[in-house]
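Below are the chains, spelled out letter by letter.
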Amino acid sequence: MAEVNLRKIVKRYDDVEAVRGIDLDIADHEFVVLVGPSGCGKSTTLRMIAGLEDITDGDIMIGGDIVNDVPPKDRDIAMVFQNYALYPHMTVAENMSFGLRLKRYPKAEIKTRIDEAARMLDIVELIDRKPKQLSGGQRQRVAMGRAIVRNPKVFLFDEPLSNLDAKLRVQMRIEIKKVHQKVRTTTVYVTHDQVEAMTLADRVVVMNKGRIEQIGTPQELYHKPATRFVAGFIGSPAMNFLPCQLEENAGKMHIRLTERIAFPLPPDRAARYQNAKQGEKLLLGLRPEHITEAKGHAEPGIEAFDALLDVTEPMGMETLIYFALAGKQVCGRVNPNACAHDGEPLRLAVDLNNMHLLNEVTGAVI
Amino acid sequence: MSTLAIDKAGPNRKIKYGSMSRDRVWALRWSYFFLTLFAVFSLTPPLYMLITSLKGSAEISAATNPWWVFHPTLSNYVELLGSNQYLRFFWNSAMVSVGVVVVTMLISVPAAFALARMKFWGSAVLATGIFLTYLIPDSLLFIPLFKMFAAIGDFTGIQLINRWYVLLFIYPTLTVPFCTWIMISYFASIPKEIDEAAIIDGASWFQTLTRIFIPVAMPGLIAATIFAFTVSWAQFLYPLVFTTSTDQLVLPVGIITTLIKGDVFNWGQIMTGALLGAAPPLVIYAFLMDYYIAGLTAGATKG
C-alpha cells in the first residue's frame with residue numbers, strides 16, 4: 001500500500017489541454033473520489049496514474065517513487081473498469097487469477113487468494129462460470145475480485161457503477177465501501193455521480209475543465225463550497241442561485257432580491273459580508289432544504305415570504321416544491337404534511353443562517 | 001376533418017391478432033420463392049456433375065437423356081481413386097492449402113493486432129493500403145511474380161518455379177490482405193479496456209495477443225482460415241503458370257491437364273475429380289458454417 005502524489009500534471013492532446021496542472025496528495029489507505037462533469041479530465045487523470053496515458057508534463061509518484069515512465073504492469077496497481085473488461089473466454093476463477101498466473105505465483109497461493117476474495121465478495125458459487133452467465137452486478141464483483149487478489153498498492157476505479165441500474169448501484173456502493181474497510185488499500189475512484197462521491201469518499205476532489213475546483217471531505221464540500229461550480233455540483237437537488245445585491249437600510253444589512261423582496265441578514269452573516277461592496281452583482285446560494293414551509297413563530301435568521309407554487313413533487317419523506325423567485329425557478333423542500341399543491345400559494349421561510357453569497361462574475365464564494 | 005378520418009379508419013382496419021400480419025406472410029412467401037429459385041440455379045451444376053460421374057463413357061456420348069443415369073457405375077470413382085496421379089494432385093492441393101493457411105495466419109494475425117491496437121505513425125494508412133493490395137487482380141500479377149521467381153532462381157540457384165511449394169509464397173499475396181482486414185475488424189470490435197486490463201494484469205503485447213485476443217476472436221480467426229483455405233484450394237491461374245510437371249500439380253490444374261488429352265475430354269472422370277475436389281471445402285464449411293457467418297458479419301458491420 002502506498003500514497004499517491006501528483007505534481008503539476010498536464011495532459012495535452014494536440015491543441016486540447018485535458019488536464020491543466022493538477023496537484024494532489026493521496027494518503028496511504030485513503031479513499032479519494034475524483035468527481036466532475038464529462039470532459040473535466042477526471043478519467044484522464046486516473047488513466048495517467050494507471051500508466052495507460054502518457055503524461056505531457058509533471059510527475060506522478062506512487063509510494064514515493066516517480067513512475068512517469070514505469071509501464072502499468074510495474075506500477076503495482078489494479079484497475080476496475082466501467083464495462084468490467086472481464087476476459088470473456090475465461091471463467092471467473094481464471095479471470096481473477098490471470099495476473100497472478102502471469103507472475104507465476106504458486107498454484108496454492110493463487111487458490112487461497114481467489115477463495116478469500118470470492119468469499120469477501122460473495123461470489124464463491126460463481127467461480128466456475130463464464131462472464132456471459134453473470135448479471136451486471138456479479139460481473140462488477142468479479143472485476144473487483146480480480147483487483148483484490150493482486151493485493152496492489154493502489155486500486156483505481158473508473159466509473160465502475162455507471163452501467164448498473166439505480167438499485168444495484170446503491171448496493172454495490174455499500175459493497176465497495178465494505179471492501180475498502182477490510183483491505184484498506186489506497187483507492188482512487190472516478191465518477192460523475194456526486195452522490196457516489198459523497199457516500200464513498202474520505203476526500204472528494206471536484207474537477208472542472210481540467211482543473212481541481214476544490215478538495216475536501218464530503219461535509220466540507222457540501223457546507224463550505226469554495227466556488228459556484230462546487231456549490232452547484234454537490235447536492236441534489238442542486239443549490240438555488242438567485243441574483244441579489246447587498247444594501248444597508250436603517251443601520252442593518254439587507255440582501256435585496258427584487259424591488260419588493262429583501263431579507264435582513266442575521267448578525268454573523270452581516271459581519272462576514274461587511275467588506276462586500278454595496279450594489280455589486282452577487283448571487284444568493286440557498287440549498288433546497290433551507291427553503292421550507294414557514295413555522296408559526298419567528299426565529300433569528302429565518303425569514304418568511306409568500307410563494308405561488310408551480311410544481312410539487314411528493315417524494316414520501318418530503319415534498320419538493322418549485323416556484324419562481326426573482327425571475328428564477330427555485331426548488332425548496334417542505335414537510336409532506338405542509339399542504340403544498342400545484343398552482344397554490346404557500347407561506348415559505350428561508351434559512352439565511354445557511355446561506356452562501358457568491359460573486360456573480362468570478363463565481364467565488366464570499 | 002382529421003378526427004373524422006381517424007374515426008372512419010378505426011373500424012375498417014382488419015387486424016389479425018395472434019397471427020402473422022399479411023405483409024409478413026407475403027414477405028416470407030417471396031423469400032421462399034427466390035430462395036428456391038436460387039437453390040435450383042446453384043445446385044443444378046453439381047447435380048449434373050454427380051449424374052455424369054455415375055455414367056460410363058459410352059452412356060455419356062450416347063444421345064440419351066443427360067439428366068438420367070440408365071446404367072449407373074462407380075467405375076470413374078474406382079479409376080480415379082486408384083490412380084496415383086490423382087491422389088498426388090489431391091495431396092499437393094492439401095499440402096499447399098494447409099501450408100498457405102499457416103503462413104497466412106502467422107502473418108495476418110500479428111499484423112492485424114498491430115494495426116488494430118498499437119497506434120503508430122501511419123497505421124491507418126497502412127491498414128487501408130493492405131486492403132487495397134487485395135483489389136489488384138491475380139491476372140495482373142502473375143507475370144511479374146513469375147519473372148521475380150525466375151530471377152531469384154537465376155541469382156541464387158534456388159529453383160522455385162515448377163515446385164508445388166512455390167505456391168506457399170504466392171497464394172499469401174491473395175490471402176494475407178483479406179485475412180488481415182477481417183482480423184483488424186474483429187480485433188477492433190474487442191473493447192479497448194480488455195487489453196488495458198490485461199496490460200495492468202502484467203501481460204506483454206504478445207501475451208495479450210495469444211492469451212486474450214486470439215481466443216476471444218476465434219470466430220474471426222476461423223472465418224479467415226476458411227477463406228484462406230478456400231482461396232488456396234480453388235486457385236487455378238497461379239498453379240497453371242508456376243507448375244508444369246505432373247507430380248507438382250494441384251487438383252484444379254491436374255484434372256484439366258491430365259484428363260483432357262488433345263480434343264478428347266474424359267467427362268466422366270473430369271466430373272468425378274471435380275466433385276471429389278469440392279468435398280474438402282464443403283466439409284469444412286459444414287462444420288464451421290456458424291463461425292464463418294459470425295466472422296463475416298462482424299467484419300461487415302465494423303469495416
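What you see is a predicted model; the values in this text were computed from it and never measured. (Residues numbered from 1 in each chain as written. Chains lettered and ligands numbered in written order. Predicted model: local features only at pLDDT ≥ 70, side-chain atom pairs only at ≥ 80, totals over all residues. Heavy atoms only, no water.)

### With respect to the overall build of chain A
Here is step 1 of the chain: Within chain A one finds nine helices and 20 strands.
Here is step 2 of the chain: Each of the three principal axes of chain A carries a C-alpha extent, and together these read 80 × 45 × 35 Å.
Here is step 3 of the chain: Buried positions account for 52% of the 366 residues belonging to chain A.
Here is step 4 of the chain: For chain A, the proportion of contacts with a sequence separation of at least 24, taken over those separated by at least 6, is 67%. (Helix = DSSP H or I, 4+ residues; strand = E, 2+ residues; numbered from the N terminus. Buried < 20%, exposed > 50% of the residue type's maximum accessible area, 1.4 Å probe, protein only. Contact = heavy atoms within 4.5 Å.)

### Here we look at the overall build of chain B
Here is step 1 of the chain: Across its full length, chain B holds 15 helices and two strands.
Here is step 2 of the chain: Considering chain B as a whole, with its 303 residues, one finds that 37% of them fall into the buried category.
Here is step 3 of the chain: Long-range contacts, defined here as pairs at least 24 residues apart, represent 74% of the contacts in chain B between residues at least 6 apart.
Here is step 4 of the chain: Looking at chain B as shown, the accessible area adds up to about 17,500 Å², and 72% of this sits on carbon and sulfur atoms. (Areas by Shrake-Rupley, 256 points an atom, 1.4 Å probe, with all protein chains shown as cover.)

### Notes on the environment of Leu-164 of chain A
All names here are of chain A.
Here is step 1 of the chain: Among the secondary structure elements, Leu-164 is positioned in the loop between strand S7 (154-158) and helix H5 (166-183).
Here is step 2 of the chain: By relative accessible area, Leu-164 is classed as buried at 6%.
Here is step 3 of the chain: With 28 residues separating them in the primary sequence, Leu-164 and Gly-136 have C-alpha atoms 6.4 Å apart.
Here is step 4 of the chain: Excluding anything up to four places from it in sequence, Leu-164 contacts Tyr-84, Gly-136, Gly-137, Arg-169 and Met-172.

### Remarks on the interface of chain A and chain B
Here is step 1 of the chain: Counting residues at the interface gives 23 residues for chain A and 16 residues for chain B.
Here is step 2 of the chain: Carbon and sulfur atoms supply 66% of the area that chain A and chain B bury against each other, a total of about 1,700 Å² over both sides.
Here is step 3 of the chain: Of all residues in chain A, Tyr-87, His-89 and Leu-102 of chain A bury the most surface against chain B, accounting for 29% of the area lost on that side.
Here is step 4 of the chain: Viewed at the interface, chain B and chain A are joined by two salt bridges.
Here is step 5 of the chain: Those elements that provide at least two residues to the side of chain A that touches chain B are helix H1 (42-50), strand S6 (77-80) and helix H2 (92-102) of chain A.
Here is step 6 of the chain: Among the elements that line the side of chain A that touches chain B, the one with the most residues is H2 of chain A, at four residues. (Buried area = accessible area lost by both parts, 1.4 Å probe. Salt bridge = Lys/Arg side-chain N within 4 Å of Asp/Glu carboxyl O.)

### Topic: the domain arrangement of chain B
Residues and elements named next belong to chain B.
Here is step 1 of the chain: Looking at chain B, the domain boundaries give domain 1 (2-53) and domain 2 (75-302).
Here is step 2 of the chain: Tallying the contact residues gives five residues for domain 1 and eight residues for domain 2.
Here is step 3 of the chain: Buried area between domain 1 and domain 2, both sides added, is near 530 Å², and the carbon and sulfur share of it is 75%.
Here is step 4 of the chain: If you look at where domain 1 meets domain 2, you find two residue pairs in polar contact (both at pLDDT 80 or more).
Here is step 5 of the chain: Split into classes, the residues belonging to the side of domain 1 that touches domain 2 amount to three nonpolar, two polar and no charged. (Domains from an automatic or database assignment. Polar contact = N/O pair within 3.5 Å; in protein donor to acceptor, adjacent residues only side chain to side chain. Nonpolar A, V, L, I, M, F, W, Y, C, P; charged D, E, K, R; others polar.)

### Structural notes on the sheet that holds strand S1 (residues 4-13) of chain A
Residue and element names in this part refer to chain A.
Here is step 1 of the chain: Across the sheet, which stays open at both edges, the four strands sit in the order S2-S1-S4-S5 with antiparallel pairing between neighbours. Each edge of the open sheet is held by one strand with a lone partner, namely strand S2 (16-26) and strand S5 (65-66).
Here is step 2 of the chain: Taken together, the eight bridges between S1 and S2 define a ladder with antiparallel strand orientation. The residue bridging Ile-9 from the neighbouring strand is Ile-22, located in S2.
Here is step 3 of the chain: Of the strands in this sheet, S1, S2 and strand S4 (57-62) are in contact with H1, which crosses S1 at around 115 degrees. (Pairing = 2+ DSSP bridges. Axes fitted to C-alpha atoms, helices over the stretch in contact; angles between N-to-C directions.)

### Brief notes about the packing of helix H11 (residues 205-216) of chain B against helix H12 (residues 218-234) of chain B
When two helices pack together, their arrangement is given by the angle between the helix axes and the distance between those axes.
Residue and element names in this part refer to chain B.
Here is step 1 of the chain: Across the interface, H11 lies against H12 with an axial gap of 4 Å and an inter-helix angle of 70 degrees. Of the possible angle classes, the one that applies to H11 and H12 is roughly perpendicular. From H11, Ile-214, Pro-215 and Val-216 reach across to H12, where they touch Met-218, Pro-219 and Leu-221.
Here is step 2 of the chain: Across the contact of H11 with H12, the residue classes break down as six nonpolar, no polar and no charged. (Parallel < 35°, antiparallel > 145°, perpendicular 65-115°, else oblique.)

### Let's talk about the packing of helix H5 (residues 84-117) of chain B against H11 of chain B
Residue and element names in this part refer to chain B.
Here is step 1 of the chain: It is the contact of H5 with H11, at a shortest axis distance of 11 Å, that shows an interaxial angle of 105 degrees. Regarding the angle of H5 to H11, the classification is roughly perpendicular. Of the residues in H11, those in contact with Val-109, Pro-110, Phe-113 and Arg-117 of H5 are Trp-205, Thr-208, Leu-209, Phe-213 and Ile-214.
Here is step 2 of the chain: Per-class residue counts for the contact of H5 with H11 are seven nonpolar, one polar and one charged.

### Looking at the nonpolar core
Here is step 1 of the chain: Counting residues in hydrophobic clusters, the biggest one holds 91 residues, and the most contacted among them are Leu-156 of chain A together with Phe-187 and Phe-242 of chain B.
Here is step 2 of the chain: Beyond its immediate sequence surroundings of up to four residues, Phe-242 of chain B is in contact with Phe-142, Leu-145, Phe-146, Phe-149, Ile-161, Asn-162, Arg-163, Val-166, Leu-167 and Ile-170 of chain B.
Here is step 3 of the chain: Counting 47 residues, the second-largest nonpolar core is a separate cluster that includes Val-33, Tyr-84, Ile-114 and Ala-147 of chain A. (Core = buried A, V, L, I, M, F, W, Y, C linked by side-chain atoms within 4.5 Å.)

### Things to note about the pattern of salt bridges
Here is step 1 of the chain: Considering all chains together, one arrives at 18 salt bridges over all chains under this definition.
Here is step 2 of the chain: Put simply, Arg-256 of chain A and Glu-247 of chain A hold a salt bridge, and the shortest N to O gap is 2.9 Å.
Here is step 3 of the chain: Overall, the relative accessible area of 25% leaves Arg-256 of chain A in the partly exposed class.
Here is step 4 of the chain: Where salt bridges share partners, they join Lys-11, Arg-47 and Glu-53 of chain A together with Glu-196 of chain B into one cluster.

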